[in-house]
Amino acid sequence: MRRLLILAFCAAGAGCAGGSSPDGGVANYDALAKARADCVARGEELSLIPGGDPQVISDFSCKRK
């Protein structure tokens with residue numbers, strides 16, 4: 001019974017881990033526009049990390065110009 005409770009608790013936590021982004025982490029137009037605006041506001045530019053997947057928003061980062 002204890003193992004089942006631990007497993008259920010871990011599964012519930014894992015389900016919430018990716019929930020911080022309303023679009024599920026997909027690099028769609030709106031997500032990229034917001035990320036780009038955030039970078040520009042800091043005087044940087046949005047770019048894809050080396051080896052990154054262009055369909056995943058977390059594979060983009062702000063870089064100094």
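To start, this report covers the structure provided alongside it. For clarity, every value in this text was computed on a predicted model and none was experimentally measured. Position numbers for residues start from 1 in each chain and track the written sequence from start to end. Residues qualify for local features only when their pLDDT is at least 70, as the model is predicted, and side-chain atom pairs are given and counted only at 80 or more; totals for whole chains, interfaces and linings, by contrast, use all residues. The basis for every side-chain value is the complete set of heavy atoms in the structure, and neither hydrogens nor water enter the calculation.

Each helix and strand in the protein was counted, giving two helices and two strands. Each helix corresponds to a stretch of at least 4 residues labelled H or I by DSSP, and each strand to a stretch of at least 2 residues labelled E; elements are numbered beginning at the N terminus. Along the chain direction, N to C, the helices and strands of the protein fall in the order α-α-β-β. Relative to its 65 residues, the protein shows a buried fraction of 18%. If you take every contact in the protein between residues at least 6 apart in sequence, the share linking residues at least 24 apart comes to 28%. Note on areas: these come from Shrake-Rupley sampling with a 1.4 Å probe, and a residue is covered only by the protein chains present in the view. In the structure as shown, the protein presents an accessible area of about 5,200 Å², 61% of it carried by carbon and sulfur atoms. Burial here depends on accessible area, computed with a 1.4 Å probe over protein chains only, as a share of the maximum for the residue type. Under 20% is buried, over 50% is exposed, and the range in between is partly exposed. Whether two residues are in contact is decided by their heavy atoms: any pair within 4.5 Å suffices.

As for its placement among the helices and strands, Asp59 is situated in the loop between β1 (44–48) and β2 (60–64). For this count, His and the chain ends are skipped, Lys and Arg are scored as positive, and Asp and Glu as negative. A carboxyl oxygen of Asp or Glu within 4 Å of a side-chain nitrogen of Lys or Arg is what we treat as a salt bridge. Salt bridges are absent for the buried Asp59, whose nearest opposite-charge side chain, Lys63, sits at 12 Å. Asp59 has contacts with Ser47, Leu48, Ile49, Gly52 and Asp53, leaving out every residue within four places of it along the chain.

This brings us to the state of the cysteines. When two cysteine sulfur atoms are found within 2.5 Å, that pair is recorded as a disulfide. Under the criterion given, the structure shown has one disulfide. Bridging Cys39 to Cys62, the disulfide has an S-S length of 1.8 Å. Between Cys39 and Cys62, the S-S torsion sits near -80°, and that sign places the bridge as left-handed. Placement of Cys39 in helix α2 (residues 29–41) and of Cys62 in strand β2 is noted, with a sequence separation of 23 residues between them. Exposure remark for Cys62: the relative accessible area of 24% places this residue in the partly exposed category.

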